[in-house]
Amino acid sequence: MLKHACITYKCVLKANFRHSVRFILLHHFSIILHEIRKNKMCGIWAIFGSPDDTSIQCNAAHKITHRGPDAFRIETIHHFPTCCLGFHRLAIVDDLQGMQPMRVFRYPHVWLIYNGEIYNHQQLQKEFDFHYATKCDGEAIIHLYAQGGIEFAAKHLDGVFSFCLLDTANRKVFLGRDTYGVRPMFRLYNDNGFLAVCSEAKGLIGLSQEAYSEHVEPFLPGHVETYKLDMLGKASFEERIRFHKIGETPAYKTVAEIQDKNEVKENIRILFEAAVEKRLMAERRIGCLLSGGLDSSLVASILAKKAKEMKLSYRIQTFAIGMENSPDLLAARKVANFLETEHHEVVFTPEEGIAALEEVIYHLESYDVTTIRASVGMFLLSKYIKEKTDTTVILSGEGSDEIAQGYIYFHNAPSGADADIESKRLCEDLYMFDVLRGDRSTSAWGLEIRVPFLDHKFSSYYLSLSDSIKQPQKGIEKYLLRSAFDGIDLLPKDILWRPKEAFSDGVSSKTRSWFEILQEFICEQINDSDLESLALTYKHNTPRTKEALYYRQIFEKFYPGQGDWIPYYWMPKWTGATDPSARTLKHYKQ
């Protein structure tokens with residue numbers, strides 16, 4: 001189709017823009033623009049106040065090509081010779097409306113690059129009488145900024161995003177990231193006025209000798225930052241504002257509003273169904289990761305329900321991965337049969353999982369043990385989806401364990417108040433662990449992940465509930481969430497009440513855990529003396545096991561000296577566990 005459109009364009013030139021051919025051109029351009037809006041997965045990259053040749057530094061932007069392999073654009077800005085904006089897009093695009101950096105005629109001094117989905121862009125248009133020039137949801141950011149400034153803009157966005165907005169009239173740069181950090185962003189800034197931004201840290205490593213000695217940091221979720229640019233384009237930090245805290249009710253209005261605050265279970269259903277529905281904003285095929293556990297099964301069931309209501313032209317595809325006869329494969333198969341989805345199973349061997357480790361760590365930009373274990377299966381499954389299907393937008397169940405106290409160790413919480421504090425702490429750090437895993441494992445293969453459990457409206461309501469009803473009850477974690485969907489035939493009862501199984505454990509065979517396979521392999525790579533001598537070279541998060549040391553060495557090969565991107569190793573609380581696997585916990589064994 002696109003090739004045909006290009007041929008038509010050449011014909012138009014030869015025909016000197018005759019009226020009839022102009023009509024064909026516009027028709028085909030409308031088709032192209034229709035294609036543009038299919039997917040919002042992308043990668044952003046920008047530098048300001050560059051001390052070196054920007055044309056050379058721009059090569060670093062290609063390190064995130066996987067986030068948007070179909071189109072790339074990089075622009076310097078008039079009167080800002082030391083600044084550059086780059087963008088990778090996962091779509092066939094038009095250079096006027098669909099491509100970024102985005103500009104609109106109404107505000108020509110504003111340049112925007114962003115990665116994300118703004119689910120309420122149409123509601124914002126009606127509420128503020130915005131006159132959009134495109135049909136791209138991100139245009140709302142520009143209009144909101146013009147309406148009330150950058151904090152006002154960020155507060156009114158219902159969605160997930162990371163953005164860099166340049167206001168050339170006021171010589172300001174604004175950075176922002178969504179509340180949970182679902183969309184990634186890293187920042188490099190030094191006292192010499194050099195500011196660099198990228199969706200992934202790898203695009204900032206080695207920009208220049210000066211920049212390389214500076215520290216690359218993850219941009220804090222829920223914040224916006226402001227930088228002033230001098231006449232040379234050098235940046236100076238002005239302020240950082242937290243526009244939204246986890247658990248706070250969002251400032252924007254939504255379609256699904258709670259009518260009766262006392263009907264807790266009904267409210268949970270209303271808000272969660274709305275969270276799934278708004279994430280169907282796509283014209284590319286939508287599918288769902290399905291482990292057969294509570295979280296992904298709930299997402300898949302509501303997705304299948306909404307797909308039928310919307311009369312989508314295709315069956316929802318569900319995707320499961322595991323070793324032969326793993327618990328996840330068996331449970332996911334049962335859910336898929338119940339929901340009548342087009343189900344795909346990927347069986348991987350220990351050898352395939354081990355072979356993927358180095359590539360997984362490169363994409364993750366992390367050395368956390370449990371994150372790596374859980375990412376291997378997700379990474380291999382994403383590879384399958386990319387290569388074997390036409391599904392591009394993937395819904396997943398990340399965030400439920402943090403919001404709804406789903407980890408097994410919550411059974412050991414001293415009190416409801418302690419459990420609530422731990423739940424919110426986990427939510428604050430999600431961007432360094434499960435959210436990071438979901439984004440990198442899928443974006444490595446040009447897929448876009450969407451996570452309904454981290455919807456602002458749903459999560460703020462759930463977190464606001466009393467401590468006592470959120471805790472595990474009757475020996476079952478996420479009891480409230482399960483009971484909210486009980487009795488409505490949404491899922492098989494044994495799936496709805498299936499005990500917690502960590503993702504890295506669920507993919508294991510019944511007889512041999514994935515973490516045990518990894519440890520046996522790594523024991524052959526690292527001996528006891530290596531652990532004693534080499535581990536001490538890492539002062540921050542010093543590895544205590546051979547597995548941790550093995551991952552750290554791979555990480556340092558790609559990202560030397562950047563170990564504090566994660567502040568600690570993820571571990572269960574209120575236990576004497578020495579390994580993060582749920583299979584080592586007493587409650588699991590019982």
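As the structure is a prediction and not an experimental result, all values here were calculated from the model. (Residues numbered from 1 in each chain as written. Predicted model: local features only at pLDDT ≥ 70, side-chain atom pairs only at ≥ 80, totals over all residues. Heavy atoms only, no water.)

### Focus on the pairing of strand 14 (residues 317-322)
Next, step 1: The buried fraction of strand 14 amounts to six of the six residues, a majority that puts the element mostly inside the structure.
Next, step 2: Side chains of strand 14 alternate between two faces, with Q317, F319 and I321 and T318, A320 and G322 buried alike.
Next, step 3: Of the strand pairs in this sheet, strand 13 (residues 285-289) and strand 14 are connected by three bridges, and their pairing is parallel. Paired with G287 across the bridge in strand 14 is Q317.
Next, step 4: Note that the unit made of strand 13, helix 9 (residues 294-310) and strand 14 has a crossover that is right-handed.
Next, step 5: Viewed along the sheet, the connection from strand 14 through helix 10 (residues 327-339) into strand 15 (residues 342-347) turns out right-handed. (Buried < 20%, exposed > 50% of the residue type's maximum accessible area, 1.4 Å probe, protein only. Helix = DSSP H or I, 4+ residues; strand = E, 2+ residues; numbered from the N terminus. Pairing = 2+ DSSP bridges. Right-handed = clockwise from strand over helix to strand, strands pointing away.)

### A short note on the sheet that holds strand 14
Next, step 1: Taken in spatial order, the five strands line up as 15-14-13-16-17 in an open sheet, and their pairing is parallel. Two strands in the sheet have a free side with no partner beyond their single neighbour: strand 15 and strand 17 (448-450). Averaged over neighbouring strand pairs, the angle between their axes works out to 30° when direction is ignored.
Next, step 2: Bridge analysis of strand 16 (residues 391-395) against strand 17 gives three bridges, and the strand direction is parallel. Each residue of the ladder has a partner; that of I394, found in strand 17, is I449.
Next, step 3: Running at roughly 135° to strand 14, helix 13 (residues 369-388) makes contact with strand 13, strand 14, strand 15, strand 16 and strand 17 of the sheet. (Axes fitted to C-alpha atoms, helices over the stretch in contact; angles between N-to-C directions. Contact = heavy atoms within 4.5 Å.)

### Points about helix 8 (residues 264-278)
Three or four residues apart is the spacing at which side chains of an α-helix point the same way, because the helix has 3.6 residues per turn.
Next, step 1: With 15 residues, helix 8 extends 21 Å between its outermost C-alpha atoms, agreeing within 8% with the 21 Å of an ideal straight helix rising 1.5 Å per residue.
Next, step 2: When helix 8 is considered as a whole, its buried residues turn out to be V264, N267, I268, L271, F272, E273, A274, A275, V276 and K278.
Next, step 3: Packing partners of the buried residues in helix 8 comprise helix 9, strand 16, helix 17 (456-464), helix 18 (467-470) and helix 19 (479-484). (Expected span 1.5 Å × (residues − 1).)

### Some thoughts on the sheet that holds strand 12 (residues 235-242)
Next, step 1: One open sheet holds the six strands; their spatial order is 4-5-6-7-11-12, and the pairing between them is antiparallel. Two strands in the sheet have a free side with no partner beyond their single neighbour: strand 4 (102-104) and strand 12. For this sheet the average axis-to-axis angle between neighbouring strands, irrespective of direction, equals 20°.
Next, step 2: For strand 6 (residues 159-167) and strand 7 (residues 172-177), the ladder comprises six bridges, and the chain directions are antiparallel. Following the sheet pairing, L166 is matched in strand 7 by V173.
Next, step 3: Sheet strands in contact with helix 5 (residues 139-148) are strand 4, strand 5 (107-118), strand 6 and strand 7, and its direction is about 130° off that of strand 5.

### Notes on the pattern of salt bridges
Next, step 1: Applying the stated criterion across every chain, the model contains 46 salt bridges.
Next, step 2: Of the charged contacts, one joins K383 and E387 as a salt bridge, the two residues approaching to 3.2 Å between their closest N and O atoms. With K383 and E387 both in helix 13 and four residues apart, this pair spans about one turn of that helix.
Next, step 3: Judged by relative accessible area, K383 falls into the partly exposed class, the value being 30%.
Next, step 4: According to the relative accessible area criterion, E387 is partly exposed, its value standing at 46%.
Next, step 5: Overlapping salt bridges bring together R67, E200, K202, E365, D439 and R440 as one network. (Salt bridge = Lys/Arg side-chain N within 4 Å of Asp/Glu carboxyl O.)

### Considerations on the packing of aromatic side chains
Next, step 1: Inspection of every chain in the model, using the stated rule, returns 34 aromatic pairs.
Next, step 2: A centroid spacing of 5.8 Å and a plane angle of 25° characterise the contact between F161 and F163, whose relative ring orientation is stacked. Assigned by exposure class, F161 and F163 land together as buried.
Next, step 3: Each ring, one from F458 and one from Y462, has its centre 5.8 Å from the other, and the planes form 45°; the classification is tilted. With a gap of four residues between them, F458 and Y462 both fall in helix 17, about one helical turn apart. With respect to burial, F458 and Y462 carry one shared label: buried.
Next, step 4: Put simply, the rings of F186, Y362, Y367, F555, F558, Y559, W565 and Y569 touch in pairs and so form one group of aromatic residues.
Next, step 5: Above the plane of the ring of Y362 lies K202, whose end atom (NZ or CZ) is 4.8 Å from the centre.
Next, step 6: Lying across the ring of Y367, R552 places its NZ or CZ 4.3 Å from the centre. (Phe/Tyr/Trp six-rings, centres within 6.5 Å; stacked < 30°, edge-to-face > 60°. Lys NZ or Arg CZ within 6 Å of the ring centre and 35° of its normal.)

### As for the side chain of S460
Next, step 1: Structurally, the position occupied by S460 is in helix 17.
Next, step 2: A distance of 2.9 Å separates a polar atom in the side chain of S460 from the backbone oxygen of H456.
Next, step 3: With near-sequence residues (within four places) excluded, S460 lies in contact with G247, E248, T249 and P250. (Polar contact = N/O pair within 3.5 Å; in protein donor to acceptor, adjacent residues only side chain to side chain.)

### Brief notes about empty space enclosed by the protein
Next, step 1: Applying the stated criterion to the full structure yields five cavities of 30 Å³ or more.
Next, step 2: Put simply, the second largest cavity is a space of about 100 Å³.
Next, step 3: Looking at side-chain class alone, the lining of the second largest cavity contains nine nonpolar, no polar and three charged residues. (1 Å grid on protein atoms, 1.4 Å probe; cavity = no way out; pocket = protein on both sides within 12 Å on 5 of 7 lines; lining within 4 Å. Points joined across faces, edges and corners; volume = space filled by probe spheres on them. Nonpolar A, V, L, I, M, F, W, Y, C, P; charged D, E, K, R; others polar.)

### A few points about the pairing of strand 11 (residues 223-229)
Next, step 1: Most of strand 11 is tucked away, with six of its seven residues classed as buried.
Next, step 2: Relative to strand 12, strand 11 runs antiparallel, the two sharing seven bridges. Within strand 12, the position partnered with E225 by the bridge is R240.
Next, step 3: Between the antiparallel neighbours strand 11 and strand 12 lie five residues, among them G233 with a positive phi of about 85°.

### What about the side chain of R437?
Next, step 1: Structurally, R437 is set in helix 16 (residues 434-443).
Next, step 2: On the basis of relative accessibility, which here comes to 5%, the residue R437 falls in the buried class.

### Side note on helix 5
Next, step 1: The buried fraction of helix 5 amounts to seven of the 10 residues, a majority that puts the element mostly inside the structure.
Next, step 2: Of the residues making up helix 5, those classed as buried are E139, A140, I141, I142, H143, L144 and Y145.
Next, step 3: Residues of helix 5 that are buried in the fold lie against strand 4, strand 5, helix 4 (121-128), helix 6 (150-155), strand 6 and strand 7.
Next, step 4: At the exit of helix 5 stands G149, carrying a positive phi of roughly 95°.

### Let's talk about the UniProt feature "binding site: ATP" (unreviewed entry) in the protein
Next, step 1: Feature annotation in UniProt places "binding site: ATP" (unreviewed entry) on L289, I321, S396 and G397, given in this structure's numbering.
Next, step 2: With respect to the secondary-structure elements, I321 resides in strand 14.
Next, step 3: A relative accessible area of 11% means that G397 is categorised as buried. (UniProt positions renumbered as here; feature names shortened; annotations may be inferred.)

### Looking at the environment of L195
Next, step 1: Residue position: L195 is located in strand 9 (residues 195-198).
Next, step 2: L195 sits in the buried class, given a relative accessible area of 0%.
Next, step 3: When near neighbours in sequence (up to four residues on either side) are disregarded, L195 contacts A46, I47, F48, V173, R187, L188, Y189, Y227 and A235.

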